[in-house]
Amino acid sequence: MGTAASSFLNPIAAELEGAGPKPTAKVLARRARQRRQILVMIGASYLVDAFVLLIYAHAGTIPATIGPAFAICGLIFVAGSIALSETGFNERFRDHYLVAPQSIINMVIMLAFTWIAPEVGVMFLCTLFVVFSFSSLRSTPLQTAFVWTAMALGLAGLFLLTDKPIAMPHGNYIERFATMMVFILTIGRCMFIGIFSSAMRQSLYKSGVELKEAYKRIEELAELDELTGSLNRRCIMGVLDEEIARAHRS
């Protein structure tokens with residue numbers, strides 16, 4: 001697996017490697033590459049959902065303009081995020097992924113289109129679930145609480161302060177096909193998030209094992225002479241101190 005792929009699947013280890021007062025140019029480039037990969041996937045997700053909206057439009061469920069408008073909003077968000085990332089704006093913050101702001105923007109887009117096109121509201125709500133499931137992989141507890149609160153308030157406003165009939169279309173064959181695609185894509189994205197999380201855990205476990213082996217090797221080098229393999233002076237003096245202390249006790 002290449003450097004880009006391994007750093008993407010093991011973001012926490014990559015963050016630890018780049019931890020410090022001033023990250024190196026290599027670390028900054030890797031961070032930018034990771035952000036670019038994630039944002040490209042988000043853009044692709046918007047395009048896939050826009051295609052499903054076109055199927056609903058073909059069935060006569062929603063106007064034909066909803067799909068392109070949704071894609072344009074998503075791509076503008078992605079393009080703006082990539083532009084900020086490439087200029088180094090994200091590096092001003094401890095969370096250089098800007099998880100909370102990006103989650104909030106995605107939430108606003110989903111809730112806005114649920115209000116605009118409630119006839120296919122189930123699709124936007126499913127996508128909203130995927131957005132927050134993915135962002136939770138990188139969120140701190142405080143960020144998670146903040147984003148969850150914002151989402152709860154947004155959903156409360158949508159369901160309690162409006163009378164929009166949020167629906168799950170299934171009136172004809174095309175609508176049923178499009179709704180089936182919504183659930184298939186949602187489940188597929190959730191499975192990808194599970195694979196992503198599993199890869200993170202495996203990579204972190206491997207990193208932990210490597211750190212233990214490195215620490216054990218450091219301990220050996222601190223006690224043994226590298227040339228002869230015998231105990232060095234530091235180790236011998238330590239053993240003598242222990243024996244003297246034992247002799248005094250007994």
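Up top is the structure these notes are about.
Since we're looking at a predicted model, the values are computed, not measured.

Rules behind the numbers
- Residues numbered from 1 in each chain as written.
- Predicted model: local features only at pLDDT ≥ 70, side-chain atom pairs only at ≥ 80, totals over all residues.
- Heavy atoms only, no water.
- Axes fitted to C-alpha atoms, helices over the stretch in contact; angles between N-to-C directions.
- Helix = DSSP H or I, 4+ residues; strand = E, 2+ residues; numbered from the N terminus.
- Parallel < 35°, antiparallel > 145°, perpendicular 65-115°, else oblique.
- Left-handed = near helix turned anticlockwise from the far one by under 90°.
- Contact = heavy atoms within 4.5 Å.
- Nonpolar A, V, L, I, M, F, W, Y, C, P; charged D, E, K, R; others polar.
- Phe/Tyr/Trp six-rings, centres within 6.5 Å; stacked < 30°, edge-to-face > 60°.
- Buried < 20%, exposed > 50% of the residue type's maximum accessible area, 1.4 Å probe, protein only.
- Salt bridge = Lys/Arg side-chain N within 4 Å of Asp/Glu carboxyl O.
- Core = buried A, V, L, I, M, F, W, Y, C linked by side-chain atoms within 4.5 Å.

A. Layout of the packing of helix H5 (residues 99-116) against helix H7 (residues 141-160). Contact geometry of H5 with H7 gives a least axis separation of 10 Å together with a crossing angle of 10°. When the axis of H5 is compared with that of H7, the two are roughly parallel. As for the relative orientation of H5 and H7, their crossing is right-handed in sense. Along its contact with H5, which presents Val99, Ala100, Ser103, Ile104, Met107, Leu111, Thr114 and Trp115, the element H7 presents Gln143, Phe146, Val147, Ala150, Met151, Gly154, Leu155 and Leu158. Per-class residue counts for the contact of H5 with H7 are 12 nonpolar, four polar and no charged.

B. How the structure looks around the packing of aromatic side chains. All chains considered together, the criterion is met by five aromatic pairs. Plain terms: the ring middles of Phe70 and Phe113 are 5.2 Å apart, the flat faces sit at 90° to each other, and that makes the pair edge-to-face. Remark: Phe113 occurs in helix H5 and Phe70 occurs in helix H4 (residues 66-86); sequence separation between them is 43 residues. Neither residue differs from the other here; Phe70 and Phe113 are each classed as buried. Judged by centre distance (5.4 Å) and plane angle (55°), the rings of Phe70 and Phe124 are tilted.

C. Spatial organisation of the pattern of salt bridges. Within this structure, the stated rule accounts for five salt bridges. Among the ionic pairs, Arg189 bridges to Asp49, the shortest N-O distance being 2.8 Å. Linking Arg189 in helix H8 (residues 173-223) with Asp49 in helix H3 (residues 25-58), this pair joins segments that are 140 residues apart in sequence. Assessed through its relative accessible area of 14%, Arg189 is described here as buried.

D. The nonpolar core, seen in detail. By size, the foremost hydrophobic cluster in this structure holds 40 residues, and its most contacted members are Leu53, Tyr56, Ile62, Phe70, Met107 and Phe124. Breaking this core down by element, the ones donating at least two residues are H3, H4, H5, helix H6 (121-135), H7 and H8. Counting residues per element, this core draws most heavily on H3, which supplies nine residues. For Leu53, the residues in contact, after removing those within four places along its chain, are Ile62, Ile66, Gly67, Phe70, Val120, Met123 and Phe124.

None of this, on its own, says anything about what the molecule does.
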